[in-house]
Amino acid sequence: MLQNVSITVLKDWGFNMIVREKYIISDGLYEEALQYAKLSRSYTSNRHDFHPGGLNNKQQKMLEGKLGEKAVKLFLQDNRVNFTEDSTNYDERDEYDFLLHNSNTSKEELKIDVKTRTKTFHTRTLEMCEQAESHPKDIYISTRLLEDGKTVILLGWITFRDLTEKGKIENNGYLDNYVIYDKDLRPMKDLKVILSAFQN
């Protein structure tokens, strides 16, 4: 069900794509994210932990990431996209956050990874080079979790090719990362052409 927020409806390419102005993560979805964060905090790799603060901080960062994923889940559901949500155990490496399925052919699938940040001065999407090369995703969607801790904005998206060809490699003390600045993100509305092949 749509929240009481503004949405953008695009009326070409055969269906009306819905992009909410904000995604409110509440009730069951919030609890799912919180429980996963609590279970996974001891298993979060130190190589992925860019922030000091021990287990509690790892839990908070995992929760933030999961809330971004729940916003993308709502976006996919709003647009009747056929997908599987990641269900790997909390102590295992995931292969995707969402796997899209083409309803016309079982052979076409698309891996989506969600990147979440929390501050307005965070203007980059980061992916570790090692991760990108060993476990590539097809689409990366960037989100921002607002200060209330439950509201998410979808910022834009990139392809794997965007990441590796347009992204700069930077190292700020925690391994090499591909970096895409917000000005280079594709607008969410441009996902419509791709999503039309994966609708229910």
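Quantities reported herein were computed from a predicted structural model and do not represent experimental measurements.

(A) How the structure looks around the overall build of the chain. When helices and strands are counted, the chain shows 5 helices and 11 strands. Within the chain, the fraction of its 200 residues that count as buried is 43%. Considering only contacts within the chain whose residues lie at least 6 apart along the sequence, 61% involve residues at least 24 apart. When the accessible surface of the chain is totalled, it reaches about 10,800 Å², and 47% of it is carbon and sulfur.

(B) Local environment of the packing of aromatic side chains. This structure, assessed with the given rule, holds 1 aromatic pair. Against the face of Tyr 36 rests Lys 66, its NZ or CZ located 4.0 Å from the ring centre.

(C) Region of the structure containing the nonpolar core. One finds Phe 75, Leu 76, Leu 100 and Leu 195 to be the most contacted residues of the largest nonpolar core, which totals 33 residues. At the level of secondary structure, the elements contributing two or more residues to this core comprise β2 (17–20), α1 (27–40), α2 (54–78), β5 (98–101), β6 (109–117), β8 (139–145) and β9 (151–159). The element best represented in this core is α2, accounting for 7 residues. With residues near it in sequence (within four places) discarded, Leu 76 still touches Val 81, Phe 83, Phe 98, Leu 100 and Leu 195. Core analysis: the next-biggest nonpolar cluster, separate from the first, contains 8 residues, Cys 129, Ala 132, Ile 158 and Tyr 178 among them.

(D) Expanded view of the side chain of Asp 113. With respect to the helices, strands and loops of the structure, Asp 113 is situated in strand β6. The exposure class of Asp 113 is buried, given its relative accessible area of 8%. Polar side-chain contacts of Asp 113 include one of 3.1 Å to the side chain of Lys 115. Aside from chain neighbours lying at most four places away, what touches Asp 113 is Asp 97, Glu 127, Lys 137, Ile 139, Tyr 140 and Ile 141.

(E) Geometry of unusual backbone geometry. The phi angle at Asp 27 is positive, at roughly 55°, despite the residue not being glycine. Tracing the chain through its elements places Asp 27 in helix α1. A relative accessible area of 68% means that Asp 27 is categorised as exposed. With phi around 55°, Arg 80 is a residue other than glycine that occupies positive phi space. By secondary structure assignment, the location of Arg 80 is in the loop between α2 and β4 (83–85).

(F) Representation of the pattern of salt bridges in the model. Counted according to the given criterion, the structure contains 15 salt bridges. Its salt-bridge partner being Asp 113, residue Lys 115 comes within 3.1 Å of it at the nearest N-O pair. Taking relative accessible area as the criterion, Lys 115 reaches 19% and is therefore assigned buried. Between Lys 183 and Asp 184 there is a salt bridge; the shortest N-O distance is 3.3 Å. For Asp 184, a relative accessible area of 33% puts it in the partly exposed group. Overlapping salt bridges bring together Glu 32, Lys 70, Lys 73 and Glu 85 as one network.

(G) Highlighting the confidence of the model for the chain. Confidence along the chain averages 85 in pLDDT terms, with 84% of residues attaining 70 or more. Mean pLDDT values over the elements of the chain span from 46, in strand β1 (residues 7–10), up to 98, in strand β3 (residues 23–24). Predicted confidence for residues 1–7 stays below pLDDT 50, and this span has 17 contacts to residues more than four positions away or in other chains. Contacts of residues 9–13 to residues separated by more than four positions or lying in other chains number 13 contacts, the stretch itself having pLDDT below 50.

(H) The environment of Glu 133, seen in detail. When you line up the elements, Glu 133 lands in helix α3 (residues 129–134). A relative accessible area of 54% means that Glu 133 is categorised as exposed. Polar side-chain contacts of Glu 133 include one of 3.4 Å to the side chain of Tyr 178.

(I) Molecular detail of the sheet that holds strand β10 (residues 168–170). Taking strand neighbours across the sheet as the criterion, the 3 strands line up as β7-β11-β10 in an open arrangement whose pairing is antiparallel. Both outer strands of the open sheet, β7 (124–128) and β10, are each paired with one neighbouring strand and no more. Recorded for the sheet is a direction-independent mean angle of 35° between the axes of neighbouring strands. Alignment of β7 against strand β11 (residues 177–181), held across 5 bridges, turns out to be antiparallel.

About the criteria used
- Residues numbered from 1 in each chain as written.
- Predicted model: local features only at pLDDT ≥ 70, side-chain atom pairs only at ≥ 80, totals over all residues.
- Heavy atoms only, no water.
- Helix = DSSP H or I, 4+ residues; strand = E, 2+ residues; numbered from the N terminus.
- Buried < 20%, exposed > 50% of the residue type's maximum accessible area, 1.4 Å probe, protein only.
- Contact = heavy atoms within 4.5 Å.
- Areas by Shrake-Rupley, 256 points an atom, 1.4 Å probe, with all protein chains shown as cover.
- Phe/Tyr/Trp six-rings, centres within 6.5 Å; stacked < 30°, edge-to-face > 60°.
- Lys NZ or Arg CZ within 6 Å of the ring centre and 35° of its normal.
- Core = buried A, V, L, I, M, F, W, Y, C linked by side-chain atoms within 4.5 Å.
- Polar contact = N/O pair within 3.5 Å; in protein donor to acceptor, adjacent residues only side chain to side chain.
- Salt bridge = Lys/Arg side-chain N within 4 Å of Asp/Glu carboxyl O.
- pLDDT = per-residue confidence, 0-100.
- Pairing = 2+ DSSP bridges.
- Axes fitted to C-alpha atoms, helices over the stretch in contact; angles between N-to-C directions.

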